[in-house]
Amino acid sequence: MVVSPAVEDEIGRSENMNYSQEQVMELKRKAIQVRANILEMIPPGKVGHLGGSSSIADVMAALYFHTMQVNPADPKDPTRDRLIMSKGHAVLAQYACLVELGYFPREELSKVKTLDGILQGHPDMDKTPGIEAVTGSLGQGLSISLGMALGFKVDNLPNRVYTILGDGELAEGQVWEAVMAAHGFQANNLTAIVDFNGLQATSTTKEIFPIENLAQKWDSFGWNVIEIDGHDMVQILDALEAAKAFTEGPTVLLAHTVKGACFSFAEGKAKYHNAAMTEEEYKQAWTCIDKLKREVEA
Amino acid sequence: MRTSDSLRKTYGETLVELGKDNKDIVMLEADLGNSTMSALFGAAYPDRYFQMGIAEQNMASVAAGLSLTGKIPFINSFAVFATGRAYDQIRSSVAIANLNVKICGSSAGLSDFGDGKTHQSIDDIALMQVLPNMTVLSPCDAIETEKMTKAMVESNGPVYLRINRNDLPLVTDPKAEYKIGQMTEMVKGKDVVVFATGVMVQQSMEAAKILEKEGISIRVVNVSTIKPLDVDALESYCEGVKGVVTAEEHSIFGGLGSAVCSALSKKRLPIEVLGVQDSFGTSAENYSILLKHYGLESEDVAKKVRAVLAAN
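Residues numbered from 1 in each chain as written. Chains lettered and ligands numbered in written order. Predicted model: local features only at pLDDT ≥ 70, side-chain atom pairs only at ≥ 80, totals over all residues.

Quick question: what am I supposed to make of the overall build of chain B here?
In terms of helices and strands, chain B carries 13 helices and 12 strands. The C-alpha atoms of chain B give 19 Å as radius of gyration, which agrees with the globular expectation for 312 residues (20 Å, within 12%). Counting over 312 residues, chain B shows a buried share of 56%. Partitioning the intrachain contacts of chain B with sequence separation of at least 6 by distance along the chain shows that 79% fall at a separation of at least 24. (Helix = DSSP H or I, 4+ residues; strand = E, 2+ residues; numbered from the N terminus. Rg over C-alpha atoms; globule rule 2.2 N^0.38 Å. Buried ≥ 20, exposed ≤ 12 C-beta atoms within 10 Å, placed from the backbone. Contact = placed C-beta atoms within 7 Å.)

Structure representation (structure tokens):
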């Protein structure tokens, strides 16, 4: 069943809220901090995946600072929920969350993608505390997540698994193998989130490999589908809660996002998929952060 | 003591036996369970058996995820699909992360004789041994298969097991201890050493009998762990011989022959590599015809031994 925007009714929403208005404010602040941390990792001249990291920043903030059960003091805590960044190039958004939670020292941010650093160009569970698998070769993360979900099911454990996919990544056939399998195994402890920003490395997803009617596609594959504005914190939280509550099988959130979100010069431009900012752009980026802060506090 | 000559049946039965006490073992299967014999596990422990359908790529990455929850997943398919179809998944999801995933490549080599080149694997050892962290095992009989399967469960990290579809004679000692990495002297001899793996072990043992009649004495060593290759043992078995022959049911590129040549590159010994030349497989009425067609019989081993002696 395809559900359009998770909950639209302000009044109805307040009855089942699993968060307070103050928490929503705090999560919005966290999302800004996530974007600030992303900027910190890619100063002018350093190539990095700004676009796809900032498009998923709000969802990541909701997951790490509210929805998921995590234990930064013990990254291997068996009761933790798992997050797999299948679109591994957006790992900057994950590092930005992990550093806020204290998984590793802030000094590491400046050493991302260096020989001495622990933050690799793509997620590496051996190098970085809090990273749960090796991803980056696109299309494999949902399968890995399904394996985890099945492992928890075999042992009747309550852990949940979250997977972040790119919309461009959905061209990988393996994704759909996993989609079919997850439905077959009724993996109701698995939630996929598609960072539906409409752009990939060289152009729009529509031009490169059209995947129209995405909601209907997932729906016809047996998934619970929720479409949301991926930059609306309340919609994100409600959808994640609805995914938890849905027990018949896996849920996918189609999060409509803007590539490069919040950074005006980069928004909606494929060029910033993986690029170096100029000094001027970098200054502008911090101005965007300040503007966001003012908006939230207002 | 195992009496069956079937490597794959032994593999399936051993896992059923191990799975009784070890609840972490889980099996994943890609619609070939009756051939790989993983179905035996499914019948015994349906809750720990995952039918993944004809989707090997997903199967390999799902196994990675299962291992990340503490399970010991075995993925099963024909060798050609288990390694080739899911290569990047094994590389990225499994090997880079050094996860405890066990891969069973069944119907390996030319042993799926009737199905032809799309189903025969002459490149699986090459694909697997090039991966860092990967262990590559190639048993020569059912006795060794049983020991290896047990050792795989005990080991930590990714392992590839290459299994022949056809029944093979029991040639190894059932009482001998086994550990991953060992190579075993099957026939004592002094003129030439033959390093063989899989079905070529018994062919090389037959070759020893042929050559004995000609006054040529060969040492036959079963190299059932292709990786990590025990280079010290390899060198010690070369002591006193006039030449080296390698024998495998695999491409001459990237398999046992390549590994041995690389390891012995500093030795001034003539080496002959016996294997499938640079070609794919083909359908045949039975396995023996194929071994003959590709020059993988005992007489072919003997020819290589004579050649290496002639090079002296």
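Please explain the overall build of chain A as it appears in this structure.
For chain A, the helix and strand inventory stands at 11 helices and six strands. Its C-alpha radius of gyration of 18 Å places chain A within 12% of the 19 Å reference for a compact globule of 298 residues. In terms of overall dimensions, chain A has a C-alpha envelope of 50 × 45 × 45 Å along the principal axes. Per-residue burial over chain A gives 51% buried out of 298 residues. Counting contacts in chain A only where the partners sit at least 6 residues apart, residues at least 24 apart contribute 77% of the total.

What is the right way to read the sheet that holds strand β7 (residues 184-187) of chain B from this model?
Strand-to-strand pairing in sheets goes through backbone hydrogen bonds, with the strands running parallel or antiparallel. All names here are of chain B. Read from one edge to the other, the open sheet built from five strands follows the order β7-β9-β8-β11-β12, with strand pairing classed as mixed. In the strand order of this sheet, the two ends are held by β7 and β12 (271-276), each with one partner. In this sheet, adjacent strand axes meet at a mean angle of 25 degrees when their direction is disregarded. Where β7 lies against strand β9 (residues 218-222), three bridges are found, and the strand directions are antiparallel. Bridging across to β9, V187 finds its partner in V220. Those strands touched by helix α11 (residues 256-263) are β8 (192-196), β11 (243-251) and β12, and its axis lies near 150 degrees from that of β11. (Pairing = 2+ DSSP bridges. Axes fitted to C-alpha atoms, helices over the stretch in contact; angles between N-to-C directions.)

Help me out: how do you make sense of the interface of chain A and chain B in this one?
How big an interface is tends to be reported as the loss of accessible area on association of its parts. Counting from both sides, the interface comprises 21 residues of chain A and, opposite them, 24 residues of chain B. Within the residue set of the side of chain A that touches chain B, elements represented by two or more residues are α6 (141-154) and α7 (173-184) of chain A. Sort the elements by how many residues they give to the side of chain A that touches chain B and α6 of chain A lands first, with 10 residues. When grouped by side-chain class, the residues that make up the side of chain A that touches chain B number 11 nonpolar, seven polar and three charged. (Nonpolar A, V, L, I, M, F, W, Y, C, P; charged D, E, K, R; others polar.)

Sorry if this is basic, but what is going on with the pairing of strand β3 (residues 72-78) of chain B here?
A regular strand carries its side chains on alternate faces of the sheet. Residues and elements named next belong to chain B. Counting buried positions along β3 gives seven out of seven residues, so the element sits mostly inside the fold. Note that strand β1 (residues 25-29) and β3 share five bridges and pair parallel. Within the sheet, the bridge partner assigned to V26 lies in β3 and is P73. The sheet contact formed by β3 and strand β4 (residues 102-106) spans five bridges and is parallel. Bridge assignment links F78 to a residue of β4, and that residue is S106.

Quick question: what am I supposed to make of the domain arrangement of chain B here?
All names here are of chain B. As assigned here, chain B comprises domain 1 (7-162) and domain 2 (184-310). Computed over C-alpha atoms only, the centres of domain 1 and domain 2 are separated by 26 Å. Residue assignment for the side of domain 1 that touches domain 2 shows that the elements contributing at least two residues are α7 (124-129) and β5 (135-137). Of the residues contributing to the side of domain 1 that touches domain 2, the split by class is 10 nonpolar, eight polar and five charged. (Domains from an automatic or database assignment.)

What exactly am I supposed to notice about the sheet that holds strand β6 (residues 159-162) of chain B here?
All names here are of chain B. Strand order in the open sheet formed by seven strands is β2-β1-β3-β4-β6-β5-β10, with mixed pairing between adjacent strands. The sheet terminates laterally at β2 (49-51) and β10 (225-227), the two strands that pair on one side only. For this sheet, the mean angle separating the axes of adjacent strands, direction not counted, is 20 degrees. One ladder, built from three bridges, connects β5 with β6; its direction is parallel.

Can you help me understand the confidence of the model for chain B in this one?
A low pLDDT means the predicted coordinates there should not be read in detail. Per-residue confidence for chain B averages 97 on the pLDDT scale, and 99% of its residues sit at or above 70. Taken together, the chains of this predicted complex give a pTM of 0.95 and an interface ipTM of 0.95. (pLDDT = per-residue confidence, 0-100.)

Sorry, what's going on with helix α1 (residues 7-21) of chain B here?
Along an α-helix, residues three or four positions apart point the same way, because every turn accommodates 3.6 residues. In this model α1 of chain B runs 22 Å from its N-terminal to its C-terminal C-alpha over 15 residues, within 8% of the 21 Å that 1.5 Å per residue would give. Those residues of α1 of chain B that fall on the buried side of the exposure criterion are L7, R8, T10, Y11, G12, E13, T14, L15 and G19 of chain B. (Expected span 1.5 Å × (residues − 1).)

What should I look at first to understand α6 of chain A in this one?
Residue and element names in this part refer to chain A. With 14 residues, α6 extends 20 Å from end C-alpha to end C-alpha; this agrees with the ideal 20 Å at 1.5 Å per step. For α6, a buried count of 12 out of 14 residues is recorded, marking the element as mostly surrounded by other parts of the structure. Among the residues making up α6, those that are buried are G141, L142, S143, I144, S145, L146, G147, M148, A149, L150, G151 and F152.

What am I meant to see in the environment of K190 of chain B here?
All names here are of chain B. Structurally, the position occupied by K190 is in the loop between β7 and β8. Under the C-beta neighbour-count criterion, K190 is labelled partly exposed, with 13 such atoms within 10 Å. Sequence-wise, K190 and C238 are 48 residues apart; in three dimensions their C-alpha atoms are separated by 9.2 Å. The contact partners of K190, leaving out residues within four places of it in the chain, are S217, R219, G240 and V241.

Can you walk me through the packing of helix α9 (residues 199-212) of chain B against helix α13 (residues 298-310) of chain B in this structure?
The description of two packed helices rests on the angle between their axes and on the distance between the axes. Residues and elements named next belong to chain B. Look at α9 against α13: their axes get within 8 Å of each other, and the N-to-C directions meet at 60 degrees. Crossing geometry of α9 relative to α13 is assigned as right-handed. Contacts between α9 and α13 pair Q203, S204, E206, A207, I210 and L211 from the former with S298, E299, V301, A302 and V305 from the latter. (Left-handed = near helix turned anticlockwise from the far one by under 90°.)

In this structure, what is going on with unusual backbone geometry? I would like to understand it.
The residue after K227 of chain B, namely P228 of chain B, is reached through a cis peptide bond having omega 0 degrees. Within the fold, P228 of chain B resides in the loop between β10 and α10 (231-238). We note that Q186 of chain A has phi near 50 degrees; this positive angle belongs to a residue other than glycine. Residue position: Q186 of chain A is located in the loop between α7 and β4 (190-196). Here Q186 of chain A falls in the partly exposed class, since 14 other C-beta atoms lie within 10 Å of it. Of note in the backbone geometry, C262 of chain A takes a positive phi value of approximately 95 degrees without being a glycine. For C262 of chain A, the position within the fold is in the loop between β6 (251-256) and α11 (279-297). Classification of C262 of chain A by C-beta neighbours within 10 Å gives buried; the count is 21.

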